[in-house]
Amino acid sequence: MGGTEHLTVTRDGATLVLTLNRPEAKNALSLPMLVGLYDGWAEADEDDGVRSIVLTGAGGAFCSGMDLKALAGRGMDGEQPYRERLAADPDLHWKAMLRHHRPRKPVIAAVEGACVAGGTEILQGTDIRVAGQSATFGLFEVRCGLFPIGGSTVRLPRQIPRTHALEMLLTGRPYTAEEAARIGLIGHVVPDGDALGRALEIAERINACGPLAVEAVKASVYETAGMTEEDGLKAELERGWPIFATADAKEGSRAFAEKRPPVFRRA
C-alpha cells in the first residue's frame with residue numbers, strides 16, 4: 001500500500017482511506033502530500049478490491065490549502081524525489097487535487113476542522129461529503145490577492161447556486177458546516193469527531209452494491225452533466241444498458257429473489 005510522509009493509506013474492508021497527515025500545519029498541501037494523493041487515486045482505480053475511497057485529515061483538520069511557504073519558493077528538506085515526480089508529469093498536482101482527474105470509485109470526504117482554500121477546492125472533486133459541526137469552509141484566495149485555480153470558478157457554480165458560489169469566491173469569508181450544508185456544498189453535518197465514522201458507514205453501503213453498477217452510475221452522472229436532456233438520456237442508455245447483461249446483475253436478481261445478500265464478482 002502506498003503513501004508518503006504526509007499522506008497515509010489504509011484499508012477498511014473494501015474502502016481505501018487516504019488521510020492527509022500533516023496536522024502541525026492543518027494539513028496544508030505539500031509536494032509529498034500531492035504525490036501521495038495522486039498515487040492513492042491511481043491505487044484505488046487499479047485495485048478491483050477497492051470499491052470506495054474516503055478522504056480525510058489527521059489531527060482535527062481536513063486541509064488548510066496550499067502551503068504558502070512552498071508557494072513562495074521555500075521548499076522543505078527531502079522534497080527532491082517529489083519534485084522529480086512533478087517534473088515528469090507537470091499535471092500531477094492538478095490530478096492529485098481532483099482538478100484533472102476523476103477516480104472511477106466513489107470518493108467520500110470526511111471533514112473535521114479547517115477545509116479552506118485548496119481544501120475546499122479538493123472537496124469539490126469528491127462525490128459525497130460529511131462534516132463535523134465545527135468544520136469551516138471557504139475559498140480565501142482573493143484575500144491574499146490569489147486566484148482559486150484548482151477549479152472553483154468553474155465547478156462551484158455548477159454544484160451550488162450561483163449567488164452562493166459568487167459570494168464564497170468573491171468575499172473569501174469562512175462558512176460554518178451548517179451554512180455549507182444549507183447551500184448544498186456538503187451533505188451531512190455530524191457531531192465533531194464523527195465525520196470519518198459516518199463516511200465509512202456510507203462507504204460500506206456503497207461497497208455492498210454491485211461495483212460495475214456503482215461505477216457506471218457515477219460515470220453517467222458526470223458525463224451527462226453538460227448535455228441536453230435528449231443527449232444525456234441517450235448517453236445514459238449507452239452507459240447503463242450493458243450493466244443488465246453482466247453476471248453481477250443476474251446475481252443481484254437471484255439474491256433478491258432468494259432473500260440473501262448478493263455476492264458480486266465484478267463480472
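Residues numbered from 1 in each chain as written. Predicted model: local features only at pLDDT ≥ 70, side-chain atom pairs only at ≥ 80, totals over all residues. Heavy atoms only, no water.

*Asks:* Lay out the overall build of the protein chain with the relevant residues and their values.
*Replies:* Helices and strands together make up the secondary structure of the protein chain, namely 12 helices and nine strands. Rg of the C-alpha trace for the protein chain: 19 Å, near the compact-globule value of 18 Å for 267 residues, within the 12% margin. Counting only C-alpha atoms, the protein chain reaches 60 × 40 × 40 Å along its principal axes. Per-residue burial for the protein chain yields a buried fraction of 46% across its 267 residues. Look at the contacts in the protein chain between residues 6 or more apart in sequence, and 67% of them connect residues 24 or more apart. When the accessible surface of the protein chain is split by element, carbon and sulfur atoms take 56% of a total near 13,300 Å². Across the protein chain, the mean location of the 31 positive side-chain charges is 2 Å away from that of the 36 negative side-chain charges. (Helix = DSSP H or I, 4+ residues; strand = E, 2+ residues; numbered from the N terminus. Rg over C-alpha atoms; globule rule 2.2 N^0.38 Å. Buried < 20%, exposed > 50% of the residue type's maximum accessible area, 1.4 Å probe, protein only. Contact = heavy atoms within 4.5 Å. Areas by Shrake-Rupley, 256 points an atom, 1.4 Å probe, with all protein chains shown as cover. Lys, Arg positive; Asp, Glu negative; His and termini not counted. Charge placed at Lys NZ, Arg CZ, Asp CG, Glu CD.)

*Asks:* Give me the nonpolar core: which residues, what numbers.
*Replies:* Counting residues in hydrophobic clusters, the biggest one holds 41 residues, and the most contacted among them are Leu18, Leu37, Val111, Phe137 and Leu185. Per-element accounting of this core gives the leading share, five residues, to helix 1 (residues 31–46). If we skip the residues at most four places from it in the chain, Leu185 touches Thr120, Leu123, Arg129, Phe137, Leu156, Ile160, Met168 and Ala180. Counting residues in hydrophobic clusters, the runner-up holds 13 residues, among them Ile108, Ala110, Ala199 and Ile206. (Core = buried A, V, L, I, M, F, W, Y, C linked by side-chain atoms within 4.5 Å.)

*Asks:* Residue-level account of the sheet that holds strand 5 (residues 114–116), with values.
*Replies:* If you trace the three strands from one edge of the open sheet to the other, you get 5-7-8, paired in mixed fashion. This sheet does not close on itself; its edge strands, each paired only once, are strand 5 and strand 8 (175–176). Here strand 7 (residues 136–138) pairs with strand 8 via two bridges, running antiparallel. Following the sheet pairing, Phe137 is matched in strand 8 by Tyr175. (Pairing = 2+ DSSP bridges.)

*Asks:* Quick rundown of the sheet that holds strand 9 (residues 188–190)? Include the residues and the values.
*Replies:* Sheet strands pair by backbone hydrogen bonding; their relative direction is either parallel or antiparallel. Reading across from one edge, 1-2-3-4-6-9 is the order of the six strands in this open sheet, with mixed pairing throughout. The open sheet is flanked by strand 1 (7–12) and strand 9, the only strands paired with a single partner. Ignoring strand direction, the axes of neighbouring strands in this sheet form an average angle of 20°. Where strand 3 (residues 52–57) and strand 4 (residues 107–111) come together, four bridges link them in parallel fashion. The residue of strand 4 that forms the bridge with Ile53 is Val107. (Axes fitted to C-alpha atoms, helices over the stretch in contact; angles between N-to-C directions.)

The values are spatial; any link to function lies outside them.
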